[in-house]
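Report on the structure
Each chain, letter by letter, is given below.
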Amino acid sequence: MKEYKSLEIIQKSPNSRVYYLYLNRPGHLNALSRDFFTEFPQAISSLDQNPDVAVIVLAGSGKHFCSGIDLQTLADGFKETYDADCGRNVEKLRRHIKFLQEAITALECCRKPVIAAVHGACIGGAIDIITACDIRFCSSDAFFSVKEVDLAITADLGTLQRLPSIVGFGNAMELALTGRRFMASEAKDLGLVSKVFTSKQALEEGVKLVAEDIATKSPLAVIGTKAVLLKSRDLTVEQGLEYVATLNSGILLSNDLKEAISAHSQKRKPKFAKL
């Protein structure tokens, strides 16, 4: 397994198809460094391409999930744009922002489901990350903030695009304009997280159960479900139905459907091939 400066990949159980990807700068509250933006899409891609991986759990090492983008990383982005030509400065800065965006979008490009397990702080760039994940859970000590406006920045890594469809347009507008901190219970009420666990340990145990359950299902059905839900955000109902019809016309020919029907009739657990 490749070693990273800002991340750590762990397979907690030898035969498990659930892999854990940790933001791993606990001494810096897992702030997102330049290394992170290079390494994160690489790590996600490696897990996506690994046939032994069915589900990815994204968590943070130490006391917090993530305190947002490292301010030095932010400053470095502006340093790289200094040039005598204003137009070239603009082009360089735009390219830098796109580079940062692509690291977060890697979560949606990943075929396999990614579950965010949030404890402690989830601020700024961390909201960009979790809104690009497929399922979100947190512990009761978790707190959240769309913080960019307080740094004189318009959030540009995905929160403003993804959060409204999760919590509603009005709620997203209020959270983004105020930058206020909100706690786990409100995150649950808003729909940002699906469930709040009483402690970090309870969160880890609960997420493990969900992830292991998903990992037992047909991998073709799982990646198809993720793909259709993400694609359907930008389509009409009619277009979405057309898309899933095309996708399923291929997937339904696999052995997974036959195995699911056979297992059901024989009252046993199905066994699906890796993907």
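Cut-offs applied
- Residues numbered from 1 in each chain as written.
- Predicted model: local features only at pLDDT ≥ 70, side-chain atom pairs only at ≥ 80, totals over all residues.
- Heavy atoms only, no water.
- UniProt positions renumbered as here; feature names shortened; annotations may be inferred.
- Phe/Tyr/Trp six-rings, centres within 6.5 Å; stacked < 30°, edge-to-face > 60°.
- Helix = DSSP H or I, 4+ residues; strand = E, 2+ residues; numbered from the N terminus.
- Buried < 20%, exposed > 50% of the residue type's maximum accessible area, 1.4 Å probe, protein only.
- Core = buried A, V, L, I, M, F, W, Y, C linked by side-chain atoms within 4.5 Å.
- Contact = heavy atoms within 4.5 Å.

Per an unreviewed UniProt entry, the recorded name for the protein chain is Delta(3,5)-delta(2,4)-dienoyl-CoA isomerase, and the organism is Datura stramonium. Database annotation for the protein chain, UniProt heading Sequence similarities (unreviewed entry): "Belongs to the enoyl-CoA hydratase/isomerase family."

Brief notes about the packing of aromatic side chains
Across all of its chains, the model carries 5 aromatic pairs by this definition. Judged by centre distance (4.7 Å) and plane angle (25°), the rings of Phe-36 and Phe-40 are stacked. With Phe-36 and Phe-40 both in helix α1 (residues 34-49) and 4 residues apart, the pair spans about one turn of that helix. Judged by its relative accessible area of 2%, Phe-36 is buried. With relative accessibility at 0%, the residue Phe-40 sits in the buried group. Where Phe-137 meets Phe-197, the ring centres are 5.9 Å apart and the plane angle is 70°; that geometry is what we call edge-to-face. Residue Phe-137 is found in strand β6 (residues 135-139), and its partner Phe-197 is found in strand β9 (residues 195-197); the two are separated by 60 residues along the sequence. This pair shows no difference in class: Phe-137 is buried, exactly as Phe-197 is.

Description of the nonpolar core
Residues Leu-21, Phe-36, Leu-58, Phe-65, Val-118, Ile-130 and Phe-144 are the most contacted members of the largest nonpolar core, which totals 50 residues. Here this core gets 6 residues from one element, more than from any other, and that element is α1. Setting aside chain neighbours within four positions, we find Leu-21 in contact with Leu-7, Glu-8, Ile-9, Phe-40, Ala-43, Ile-44, Leu-47, Ile-56, Val-57, Leu-58 and Ala-59. Counting residues in each nonpolar core, the second largest holds 18 residues, with Ala-54, Ile-115, Val-207 and Val-222 among its members.

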